[in-house]
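Here's the letter readout for the chains.
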Amino acid sequence: MTLSQTIFDFTTLAIHFGGWMDMDRLYLQNRVLGMIGEDALGDVEVKPAERTSVELLDELVACAKKNGVIGDTLAEREILEAQLMDLMTPPPSVVNALFAQHYSKDPQEATDYFFELCKTNDYIKTRAIAKNIVFPAETEYGTLEITINLSKPEKDPKEIAAQRNSASVDYPKCMLCMENEGYKGRMNYPARTNHRIIRMNLDGEAWGFQYSPYAYYNEHCIVLANEHRPMKINRQTFERLVKVIEVLPHYFVGSNADLPIVGGSILSHDHYQGGRHTFAMAKAPVERSFELPSFGGVQAGIVKWPMSVIRLQSADTTELVAASEYILNEWREYSDPSVEVNAYSPDGTPHHTITPIARKNGDVYEMDLVLRDNNVSEEYPEGIFHPHPEVQHIKKENIGLIEVMGLAVLPPRLATELTEVERYLLGEDNQIAAYHLDWADELKERYDFIRENVEAIVQKEVGLVFAKVLEHAGVFKRDEVGQAAFDRFIQTL
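Cut-off values and rules
Each chain has its residues counted from 1, following the order in which its sequence is written. Where local features are concerned, this predicted model is filtered to residues with pLDDT of at least 70; where side-chain atom pairs are given and counted, the filter is 80 or more; whole-chain, interface and lining totals use all residues. Computation of side-chain values: all heavy atoms of the structure, hydrogens and water removed. Here the axes come from fitting lines to C-alpha atoms, over the contacting stretch only for helices, and the angles between their N-to-C directions go from 0 to 180 degrees. Strands here are runs of E lasting at least two residues and helices are runs of H or I lasting at least four, both read from the DSSP assignment and numbered beginning at the N terminus. An angle below 35 degrees is treated as roughly parallel, one above 145 as roughly antiparallel, one from 65 to 115 as roughly perpendicular, and anything else as oblique. In this scheme, a crossing is called left-handed if the near helix is turned counterclockwise away from the far one by less than a right angle; it is called right-handed if the turn is clockwise. Any two residues whose heavy atoms approach within 4.5 Å at even a single point are treated as in contact. At least two bridges found by DSSP between two strands is the condition for calling them paired. For every residue, the accessible area (1.4 Å probe, protein chains only) is compared with the maximum for its type, and the residue is labelled buried under 20%, exposed over 50%, or partly exposed between those bounds. Here, a salt bridge means any Lys or Arg side-chain nitrogen found within 4 Å of an Asp or Glu carboxyl oxygen. By definition here, a helix of n residues has an expected span of 1.5 Å times n minus one. We call two N or O atoms a polar contact when they sit within 3.5 Å, provided that within protein one can donate a hydrogen and the other can accept it, with sequence-adjacent residues counted only if both atoms are side-chain atoms. Here a cavity denotes grid points, spaced 1 Å and computed from the protein atoms alone, that fit a 1.4 Å probe unable to get out, and a pocket denotes an open set having protein on both sides within 12 Å along at least 5 of 7 lines; residues with an atom within 4 Å of a point are the lining. Grid points are joined across faces, edges and corners, and a volume is the space filled by probe spheres set on the points. To form a nonpolar core, buried Ala, Val, Leu, Ile, Met, Phe, Trp, Tyr and Cys residues must be joined to one another through side-chain atoms within 4.5 Å. A pair of aromatic rings is counted whenever rings of Phe, Tyr or Trp (Trp by its six-membered ring) have centres within 6.5 Å, and the orientation is called stacked for planes under 30 degrees apart, edge-to-face for over 60 and tilted otherwise. Charges are assigned to positions over rings by a cutoff of 6 Å between ring centre and Lys NZ or Arg CZ, combined with an angular limit of 35 degrees from the ring normal.

Okay, the packing of helix α14 (residues 437-446) against helix α15 (residues 454-473) next. Where α14 contacts α15, the two axes come as close as 12 Å, and the packing angle between them is 120 degrees. By the criterion of interaxial angle, the relationship of α14 to α15 is oblique. Crossing handedness for the pair α14 and α15: right-handed. Of α15, the residues touching α14 (which contributes Trp439, Leu443 and Arg446) are Val458, Glu461, Val462 and Val465.

This is the structure we're talking about:
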């Protein structure tokens, strides 16, 4: 296919998805020509585009590189890609109007429209996401999901050095700020020219709704505050989560905890994460119920899960929010030194918070409250309720919202490291990392490995390690002592 045909086909898709008219074709074609360093358009065949927008994009970027418009750095490539895909994307006002138009018919139709747009314009990096290694893991808590994260491209040393030498710019303040919408990007900041945000009103306050460019599950979305302010779990959090579920009843939504160690990666900007996905925790049953005397319209129970989870259910969202706030306040003040649960340090530093997750189940609203404690000790300086050293060969990072619900986001190093573990287990030449040796030797004692079963067994055992990671993060352990302690806390409620 000629370059001219590629430009013509790209323009055809831009007209369809970007809200342009056919009258705009010459303008768009000339815009593309200029962006990739070409001077003229040749003969083309007028026909529907047969290739995807992303496939056409690759050819355009390759031409720009050949013409010296961009260099070899990933940042330059991504900036140009986003600028080209901006032609595939209506302006924010139009995207919001179309979202509202679809929403008036059905909320799911609205999110379907926005999700497809964000894939078509390559804001959601579908090809990069497809590189992730994903597999299920059967455990006593249900089927956990394991992801080895390979989607985010790695920068080469020259680019890293250039980033370090780049001038410090405090704009946007973080990657979740509204000011990212349409931002060109720079060597040390991602390109967002093709980024769009749906405006939301949550109880009179301005918020935004967007998708995650490197999604970990279906329709992975982010709901973000208009104001750049730190995350905080309080009554307003529960009210907003319920409001999001009322607006998007086919989604779940949850918040990372608001303390270091137990919180997520970005605590500086108030935001929530949601999507159209059913996690293992949502399927986990309530193993024992209890009453909340002050909230007769709320059913409460302890969930069978490796972490310490209280599930509240009610058709009355006002009472559900009030009960959630009550438990949060009680947990913040609760201590049980017999199981190393302490609400405050001697200097008054607070250590207790909650990771909340809301969803709608039929006509009933559910709020899962995951109890979190970020204390450290001499034995566990990285966190008492954090992955302990014996599981850190698989996962040593913080346990945030996504992991809490049963989806492991494991580091890229494991893609090659687990292959070396498999070679070691088969008795082949290998370069197994020293920190995997104890685990691998223990597996050797329990299994007879052959080439046909080694990968499946290693994946199964990675899943069991992840279940152990979640148990470490649980404040009340799954043994008799821990569950008796959990019951003591429930008694205070």
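Our focus in this paragraph is the sheet that holds strand β13 (residues 407-410). Spatially, the three strands line up as an open sheet ordered β1-β2-β13, and their pairing is mixed. Single-partner strands in this sheet number two, and they are β1 (133-139) and β13. For this sheet, the mean inter-axis angle between neighbouring strands, taken without regard to orientation, is 25 degrees. Across seven bridges, β1 lies against strand β2 (residues 142-148) in antiparallel orientation. If you follow Pro136 over to β2, its bridge partner there is Glu145. Along the sheet, α15 contacts β1, β2 and β13; its crossing angle with β1, the most-contacted strand, is approximately 70 degrees.

Once that is clear, we can look at the pairing of strand β4 (residues 205-211). Among the seven residues of β4, five are classified as buried, and the element is accordingly described as predominantly covered. Summarising the sheet, strand β3 (residues 198-202) and β4 pair through five bridges and their orientation is antiparallel. Bridging from a neighbouring strand, Met200 pairs with Trp207 of β4. Inspection of the sheet shows β4 paired to strand β5 (residues 221-225) by five bridges, in the antiparallel sense. Considered in β5, the bridge of Gly208 is made with Leu224.

This next bit is on the pattern of salt bridges. Opposite charge on two side chains permits pairing when their charged atoms draw close. Under the definition given, this model contains 37 salt bridges. With its nearest N and O atoms 3.8 Å apart, the salt bridge here joins Asp270 to Arg240. Of this pair, Asp270 sits in the loop between β6 (252-254) and β7 (271-275) while Arg240 sits in helix α9 (residues 235-247); the two residues are 30 residues apart in sequence, bridging distant segments of the chain. Measuring nitrogen to oxygen at the nearest pair gives 2.9 Å for the salt bridge that ties Asp368 to Arg359. Comparing Asp368 with Arg359 shows no difference in burial state: the two are buried.

Glancing now at α9. With 13 residues, α9 should cover 18 Å at 1.5 Å per step; its first-to-last C-alpha distance of 19 Å lies within 8% of that length. Among the residues of α9, those classed as buried are Thr237, Phe238, Arg240, Leu241, Val242, Val244 and Ile245. Of the residues flanking the start of α9, the one acting as N-cap is Asn234, its side-chain oxygen 3.0 Å from the backbone nitrogen of Gln236.

Another point: the side chain of Arg196. Position of Arg196 relative to the elements: it lies in the loop between α8 (157-165) and β3. A polar atom in the side chain of Arg196 sits 2.6 Å from the backbone oxygen of Pro90. Looking at Arg196, its side chain comes within polar contact range of the main-chain oxygen of Thr193, at 3.1 Å. Filtering out sequence-adjacent residues up to four positions away, Arg196 remains in contact with Asp86, Thr89, Pro90, Pro91, Pro92, Val95, Phe114, Glu181 and Gln210.

The next subject is the layout of surface pockets. Estimated volume of the largest pocket: approximately 1400 Å³. Surrounding the largest pocket, 50 residues form its lining, Lys152, Met175, Tyr214, Tyr216 and Ser265 being those nearest its centre. Contributions of two or more residues to the lining of the largest pocket are made by α4 (74-86), β7, α12 (401-404) and β13. For the lining of the largest pocket, the element with the highest residue contribution is α4, accounting for four residues.

Moving on, we come to the environment of Asn188. Looking at where Asn188 falls in the secondary structure, it is placed in the loop between α8 and β3. Here the alpha-carbon distance between Asn188 and Met85, two residues 103 residues apart in the chain, equals 20 Å.

Here we come to the nonpolar core. Judged by nonpolar contacts, the single largest core of 61 residues is most densely connected at Phe114, Phe209, Leu292, Leu312, Phe476 and Phe489. Broken down by element, the residue count for this core peaks at seven residues, all from helix α11 (residues 317-333). With residues near it in sequence (within four places) discarded, Phe489 still touches Ile310, Ile327, Glu330, Trp331, Tyr334, Leu371 and Phe476. By size, the runner-up hydrophobic cluster in this structure holds 50 residues, among which are Tyr217, Trp305, Ile402 and Tyr447.

For the structure on display, the rule yields 24 aromatic pairs. Between Phe476 and Phe489, the aromatic rings sit 6.4 Å apart at their centres with planes inclined by 25 degrees, giving stacked as the arrangement. Note that Phe476 is positioned in the loop between α15 and α16 (480-492) and Phe489 in helix α16, a separation of 13 residues in sequence. The same class applies to Phe476 as to Phe489, namely buried. An aromatic cluster is built from Phe99, Tyr103, Phe114, Phe115, Phe209, Tyr211 and Tyr251, whose rings are joined through pairwise contacts. The lysine or arginine in question, Arg25, covers the ring of Phe8, its NZ or CZ lying 4.1 Å from the ring centre. Positioned above the aromatic ring of Tyr424 is the side chain of Lys444, whose terminal nitrogen or guanidinium carbon lies 4.2 Å from the ring centre.

Let's shift gears to the sheet that holds β6. Pairing is antiparallel across the open sheet formed by 10 strands, whose spatial order is β3-β4-β5-β7-β6-β11-β12-β10-β9-β8. Both edges of this open sheet fall to β3 and β8 (286-290), since each of them pairs with a single strand only. Looking at each pair of strands side by side, their axes are set apart by 25 degrees on average, direction ignored. Pairing of β6 with strand β11 (residues 352-361), which is carried by two bridges, proceeds in the antiparallel orientation. Counted as the bridge partner of Gly254 is Ile357 from β11. Along the sheet, helix α6 (residues 107-120) contacts β3 and β4; its crossing angle with β4, the most-contacted strand, is approximately 55 degrees.

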